[in-house]
Structures are given as C-alpha cells and as structure tokens.
Amino acid sequence: MNRWWNASHGDPSRMHAEALTARTEIEQARQQVADFFGARPREVIFTSGATEAISTAVWGAANRASHQVLSAVEHSAVRLSVQRLCDQPAQSTRTHTQPTAPNQAQPAHTATIVGVDQFGRVSPTDMAAAIQESTAVVHCQWANHEVGTIQPVAEVVQACKQRSPDVLVHLDAASAAGKVAVNFAASGADLMSVSAHKFGGPSGIGALLVRRGLRLVPLLEGGDQERARRAGLENGAAIAGFAAACTVLSHGGLEQEAAQAEIQTNLLRRALNELKGVRVFGHPRKRLEHLLCVGISDVEPQAVLIALDKAGVAAHSGSSCASESLEPSPVLKAMQADAQHSLRFSVGWNTTPKNITAAANALTQALTNLRQLQSNG
C-alpha cells in the first residue's frame, strides 16, 4: 500500500502511462485475490467491503425473480438488504434491461427465512425446500459471525441446484475468508462476498465473486469500472493491501494461524468451563477456530464488557444490545439461546498465551465482583 501511495498513479480507466501502470497493478492484485479464493480474475468485482458486495448480490439479482431465501442466522447486511428490497414498491426494481409496459404490474418482492438447529446450523434440505418458482437467489453464510458455526455450504449449493438449476446461490464468506479454506469454484455457488479487513487486509475493500457468464444489474452506476459491474474509481491502495493479505495467507499463513487460533480458543474454553453460569454457543467441532461466543447467567453483558475493557481485554457482546438498537441478537434467538446475555471473544495472529490467561482472569474477576454486588444489593 505504501508503494502505491508513493508512486504516481493515474486513473486506471485512462490510456496514458500513469493510468496503464495503475491498471496493471490492479489486475495483478485481482489475479492474487482470485487465486486465493479459487476463482477466475474476471469473476472478481472489487467493492468497498462485504456489505456492498452483499447488497449487490441482493439487488443485482432482484430483476431475475421476486423471491429470495435466507437462513435465520444471516448477517444483518443480508437480512436488512433483503428486507429493504421487500419493502420497496414493486416498480422500483425495473431496469432498462427489462422494459415493462406502463400498465404492467411487477410482482412484490418476498422472502423466506429458514430456521436453524441449536448450534446455528442450517439444513440443506430445508434451504432447498424453501425455493419457489419465483426464487431468484438463496443466501447462505459460509460461517456465522457471532457463534462461529460453519455451514454445510457445499451441500446447500448442491441441494438448491438440484431443486432448481436456475436459482442463484450466494455465499456470504466474510467471516470464513482467511480463517478456513474458501474455494469459490469448488463450492459451486454463483456469488460470494468477502471483506479484506476480516483477515488482515485494510478496511474499506472487499469483493463480490460472480460466476463467469452471470450478469447482474450493478448496484452502483455512473461509470464502466470493474467491467461495467461496479461504477466508481477503484481504491488502488486498498486493493493492493487486499491482495497482499491474500498472498501471505496463501503461502502457509492460513494453516498456521488456524492452528494457533485453535490452541488459544481451546485454552480459553477450558478456562471458561471452570466458571459458574457460562455456556459456549455454536457447534463444538464445525466452527471457526478463532471465535468463541459464550452465554453468561445472572449478570448483564454490558457491565462485564466495561470491566473487561478496564482490564485491557477488548471483547464484544454477542447481542446487538451493545449497539444503539438495544435489540437482542437475531442469531441467538434463532438458535433458541439466551439472546440477552452473551459475550464474544476472538483471537488473531498477534494473540499470545499471556493474553488468553489475562482474559480468563479478567472475566473470572468481573463475574465474581458483579455477582457479589448483586447478592449484596
């Protein structure tokens, strides 16, 4: 990224020397990103992140048909984008590529939400069964962002394609990318969204992978960038950082970080098992190794988060209660778990065993103090 900033780059859509240099570097980065995710370079559309990529998948497929399927544990970027589509007047999705007679009504957009089991895992059969004649796309996470459960994505894609070969399958791989092996071509999916900051790249850059030959209505219009699939001047420095992170992980970094994360979260899990009223959410084996979501009884998670922060531990509530919405976590609700009292911990490449011990000690002390205050009150 520093090399990009320190060089003289022009608009990569132009024809002068500085522009051609920028275009060459962007296309080299596209190749690196494509190689990491098992895709062709032309299948990679650079976006501002997974949120934009997801919205592009939702809205870009909306002119194909009027129904979409998603699991109950999808990220809010999927849920809210689909909800917004369904709330829009039907005619708002018309495009110049699909002319409609002035008096011809468009069908209203609808969605089906498919439930999950106690671990937050979807059933491929249930996902396929939700497909209707009017289904445009099925959305499925590769792995959950709150509890870490890995979904049977290959089976979901296969079941959906058997039910309806023309239906599109979109995999949200934002939480899985850089944590487990993700191969777009092998998955059989039509669309896949990823975000660089989830695995050490810069924030503000991601990609939507689009199966070769598939055309979507662009979410952003106003230019022919990204082969007319995403308008706007490319963020060259961020794209370079995205590609650099992919290159590091593709040369053994992925396996090394996953092994380290497994050791560390297992240490933390054993420490948490010693605490009263703490329960681990998510699948015990089919999970992201770096993520641990736990339920805590008798105390409010906000109070625990404050105590942990004072102790130098940056944790998060598995519930959206930590945000301004004050709503319980839809993911935990879908799992029929306590959506009001949860904490989420994650480890990274620079986490040390000392950090794990400190986090366990801080949580023990926080729970002890808070429960003592409650009993005294």
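Residues numbered from 1 in each chain as written. Predicted model: local features only at pLDDT ≥ 70, side-chain atom pairs only at ≥ 80, totals over all residues. Heavy atoms only, no water.

1. A word on the sheet that holds strand β8 (residues 278-280)
Inference 1: Taken in spatial order, the three strands of this open sheet run β8-β9-β10, and their pairing is antiparallel. Every interior strand has two partners, whereas the edge strands, β8 and β10 (342-346), have only one. On average, each strand axis in the sheet is tilted by 30 degrees relative to the strand beside it, whichever way the strands run.
Inference 2: Looking at chain direction, strand β9 (residues 291-296) and β10 are connected through five bridges and run antiparallel. From the neighbouring strand, Gly295 faces β10, where its bridge partner is Ser342.
Inference 3: With respect to the sheet, helix α10 (residues 301-310) is in contact with β9 and β10, its orientation differing from that of β10 by roughly 35 degrees. (Pairing = 2+ DSSP bridges. Helix = DSSP H or I, 4+ residues; strand = E, 2+ residues; numbered from the N terminus. Axes fitted to C-alpha atoms, helices over the stretch in contact; angles between N-to-C directions. Contact = heavy atoms within 4.5 Å.)

2. Concerning the confidence of the model for the protein
Inference 1: With 93% of its residues at a pLDDT of 70 or more, the protein has an overall mean of 90.
Inference 2: Here residues 92-102 is modelled with pLDDT under 50, and outside its nearest four sequence neighbours on either side it reaches 14 contacts, counting other chains as well. (pLDDT = per-residue confidence, 0-100.)

3. What about the nonpolar core?
Here is a general trend for soluble globular proteins: nonpolar side chains tend to be buried in one another's company.
Inference 1: Counting residues in each nonpolar core, the largest one holds 62 residues, and the members touching the most others are Phe37, Trp142, Leu171, Met192, Val194, Leu209 and Phe242.
Inference 2: Ranked by residues supplied to this core, first place goes to helix α9 (residues 236-273) with nine residues.
Inference 3: Leaving out residues up to four positions away in the same chain, Val194 has contacts with Phe37, Gly49, Ala50, Ala173, Ala174, Ala177, Gly206, Ala207, Leu209 and Phe242.
Inference 4: Counting residues in hydrophobic clusters, the runner-up holds 24 residues, among them Leu292, Val294, Leu343 and Phe345. (Core = buried A, V, L, I, M, F, W, Y, C linked by side-chain atoms within 4.5 Å. Buried < 20%, exposed > 50% of the residue type's maximum accessible area, 1.4 Å probe, protein only.)

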